[in-house]
Amino acid sequence: MTGKMFKTCSITVIYLGAIIGVITHSEAAMTNRTIARLGMNPPGTNPGMTFSFFNDVTFNGDGDAVFSASYDNAAGERVGSGIWRENQGSLELILKTGDPQPGIPSLFFGNIFSPGPVFNASGDSLYLTEHHAHIISERRLYSLWSHANGALVPVFHENTPLPELGENIWVRDIGNPILGRGGRIVFAAELGGHDVSSRTNDIIMAGSPGKMSPIVLEGVHAPGTDSNVVFGSPSPHPTFRNISINNAGQTLFIATLDGPGVTHTNDNGIWLEESGTLQLVVREGDLFPEGIGRFMTLLNTRLNDAGQLVFWARTSSPTGSGRNDDESIWAGKPDALTLIARQGEAAPGTALGVVFEEFDDESPIINGSGATAFIARLSGPGIDSNNDEGLWSSGHGELTLIAREGQAFPEPFSDRVFTDFSNPPVMNDLGQIAFVATSSLWATDVNGKLHMISRGRATLADGTGGQDGRITSFSNTGELVYSIGPGGVYSATIPEPTSLLLLGTGMCLIFHRCR
């Protein structure tokens, strides 16, 4: 009896050891594919033409990509540029320079502008191009187009009249357009006309192709401020900036103020627009939510579908606090903002006494789950130019250090260290984060483990999973698209470890056998 029991359990333990060995070394292989490459004949062009440079590449989270690229002839001369879409593994031309515009054969597509194109989960894409009456023309205008259901559709042309604002008023200088998951299009622009002045010429337009209308104008009262304070900028800088939208129909933006009592200490704010109603989220000069210190500068907002936002702020503290002009990262719902990180606070994952010194104001991002990520610089004991920068994320719960200058690469590349986190990261709704450092592209799997994607210096679309209306490059299935200019456009699917599932199976076998 005793011998049988000992023998049975021994066999079970040996079996478990074999399973653990498989688990430790078992991980799904990374899937890589080439979407387009240097030297390939661009679909829709004449034989002998070849891709010569790749620009913005974006992803819709459904397995397809859209990118802009230039192409040369057989003599190596630049011929033009265009936009291509990957559709179920094959490439199709959307538009190229010199093509006549659909429905307007007297007008032709000109230069394609960056950033762009924008691609949403429904397969719609958005492009800002030049259009003109002849290929060689000194007068070129902006033209915004959407590609939906296999067809190019005009969204808006520069110099389009806006009779609802008055006679002889039109739109010019369309800014960077953004596209929501539900097809909503938003862009900033300038107005032209006899009754338009330098303090009433900025506008935000929203809608769908052929149905664009103003949602906020320079020169009108700014909600949440005194009655005589208006949206406006006494300087030549645009009044409306950093626009984000979500699938709930909300639009978030930063705006400059003008009017009585407005100074450099309170002349900017963040507003949320929904169904024609504007809500002030925060204004320079406002007290922090906890009442300690004030907001001084507001930069780079982003929005997710849940109505949560993230932004960079320069802040001040009460006299005697020992901290002045602090930099900080804030996130949350408009009425429940939370301090994520602040200058002078301990930096997670670092030695005792090491603190955040400053934050990259372009890097804060937020995903659909409300998780944030940002790049920051450090100060404190042992910190120098070789280890003073890093990337942090709350994608898996608490704020965690993802990688830092001076930190060794994961195996099998541990002979090198991370440097240079100058490019903003991207993040999907699973909390996975991708970034470029040390001329290499990296991404985390769903458990937070780092994987090297490419040794070439890649370019990632600046986005956060597509919920802010901007371009994105990291899907919620773990697929990452990127370009290595001029080399090509590529995709990688980050492997998902299977160890926990197998370990659970092994443990069940143990308990079953040892009863």
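Every value quoted in this text rests on a predicted model; they were computed, and no experiment measured them.

Visitor: Quick one: what's the story with the overall build of the chain, residue by residue and with numbers?
Guide: Looking only at helices and strands, the chain features two helices and 36 strands. Expressed as a percentage of the 515 residues in the chain, the buried residues total 49%. Taking as baseline every contact in the chain between residues at least 6 positions apart, the subset at least 24 positions apart corresponds to 46%.

Visitor: An account of the pattern of salt bridges is requested, with residue identities and associated values reported.
Guide: Scanning the entire structure with this criterion turns up twelve salt bridges. Note that E479 and R33 form a salt bridge whose closest N and O atoms lie 2.6 Å from each other. In this pair, E479 sits in strand β35 (residues 479-484) while R33 sits in strand β1 (residues 31-37), placing the two residues 446 residues apart along the sequence. On the basis of relative accessible area, R33 is assigned to the partly exposed category, the value being 27%. We note a salt bridge from R172 to E190, for which the minimum N-O separation is 3.7 Å. Pair noted here: R172 is in strand β12 (residues 169-172) and E190 is in strand β14 (residues 185-193), with a separation of 18 residues, a long-range link. The class of E190 is partly exposed, set by a relative accessible area of 26%. Through salt bridges with shared partners, a single network forms among E358, R377, D388 and E389.

Visitor: Can you explain the sheet that holds strand β23 (residues 309-316)? Please cite residues and give values.
Guide: Across the sheet, which stays open at both edges, the four strands sit in the order β22-β23-β24-β25 with antiparallel pairing between neighbours. Bordering the open sheet on either side are β22 (294-303) and β25 (336-342), each of which pairs with just one other strand. The sheet shows a mean angle of 30 degrees between the axes of neighbouring strands, taken without regard to direction. The pairing of β22 with β23 spans seven bridges and is antiparallel. The residue of β23 that forms the bridge with R302 is V310.

Visitor: Describe the nonpolar core, naming the residues involved and giving the relevant values.
Guide: Counting 20 residues, the largest nonpolar core has F156, I185, F187 and L191 as its most contacted members. Broken down by secondary-structure element, the contributors of at least two residues to this core are β9 (125-132), β11 (151-157), β12, β14 and β15 (202-207). Sort the elements by how many residues they give to this core and β14 lands first, with four residues. What I185 contacts, discounting residues up to four positions off in sequence, is L126, L144, V155, I178, L179, M205, A206, G207, P209 and M212. The next biggest cluster of nonpolar side chains, apart from the first, holds 18 residues, and it includes F231, F240, F253 and L257.

Visitor: I'd like a rundown of the packing of aromatic side chains, residues and numbers included.
Guide: Going through the model one piece at a time under the given rule, you end up with 30 aromatic pairs. Taken together, a centroid distance of 5.4 Å and an interplanar angle of 80 degrees make the contact between F359 and F374 edge-to-face. Linking F359 in strand β26 (residues 355-359) with F374 in strand β28 (residues 372-379), this pair joins segments that are 15 residues apart in sequence. A single burial state applies to F359 and to F374, both of which are buried.

Visitor: Can you tell me about the sheet that holds strand β36 (residues 488-493), naming the residues and giving the values?
Guide: Taking strand neighbours across the sheet as the criterion, the three strands line up as β1-β36-β35 in an open arrangement whose pairing is antiparallel. Lying at the two open borders of the sheet, with one neighbouring strand each, are β1 and β35. Shown here is a sheet whose adjacent strand axes are inclined to one another by a mean of 20 degrees, direction ignored. Where β1 lies against β36, six bridges are found, and the strand directions are antiparallel. Along β36, the bridge assignment pairs R33 with S491.

Visitor: Give a description of the side chain of E405 that names residues and reports values.
Guide: Tracing the backbone through its elements, the reader meets E405 in the loop between β30 (400-404) and β31 (426-427). It turns out E405 is buried and unbridged, and the closest side chain with the opposite charge, R377, is 5.4 Å from it. One polar contact links the side chain of E405 to the main-chain amide nitrogen of D420, over a distance of 3.2 Å. When neighbours within four sequence positions are excluded, E405 is seen to be in contact with S385, N386, N387, D388, E389, F418, T419, D420 and F421.

How each quantity is defined
- Residues numbered from 1 in each chain as written.
- Predicted model: local features only at pLDDT ≥ 70, side-chain atom pairs only at ≥ 80, totals over all residues.
- Heavy atoms only, no water.
- Helix = DSSP H or I, 4+ residues; strand = E, 2+ residues; numbered from the N terminus.
- Buried < 20%, exposed > 50% of the residue type's maximum accessible area, 1.4 Å probe, protein only.
- Contact = heavy atoms within 4.5 Å.
- Salt bridge = Lys/Arg side-chain N within 4 Å of Asp/Glu carboxyl O.
- Pairing = 2+ DSSP bridges.
- Axes fitted to C-alpha atoms, helices over the stretch in contact; angles between N-to-C directions.
- Core = buried A, V, L, I, M, F, W, Y, C linked by side-chain atoms within 4.5 Å.
- Phe/Tyr/Trp six-rings, centres within 6.5 Å; stacked < 30°, edge-to-face > 60°.
- Lys, Arg positive; Asp, Glu negative; His and termini not counted.
- Polar contact = N/O pair within 3.5 Å; in protein donor to acceptor, adjacent residues only side chain to side chain.

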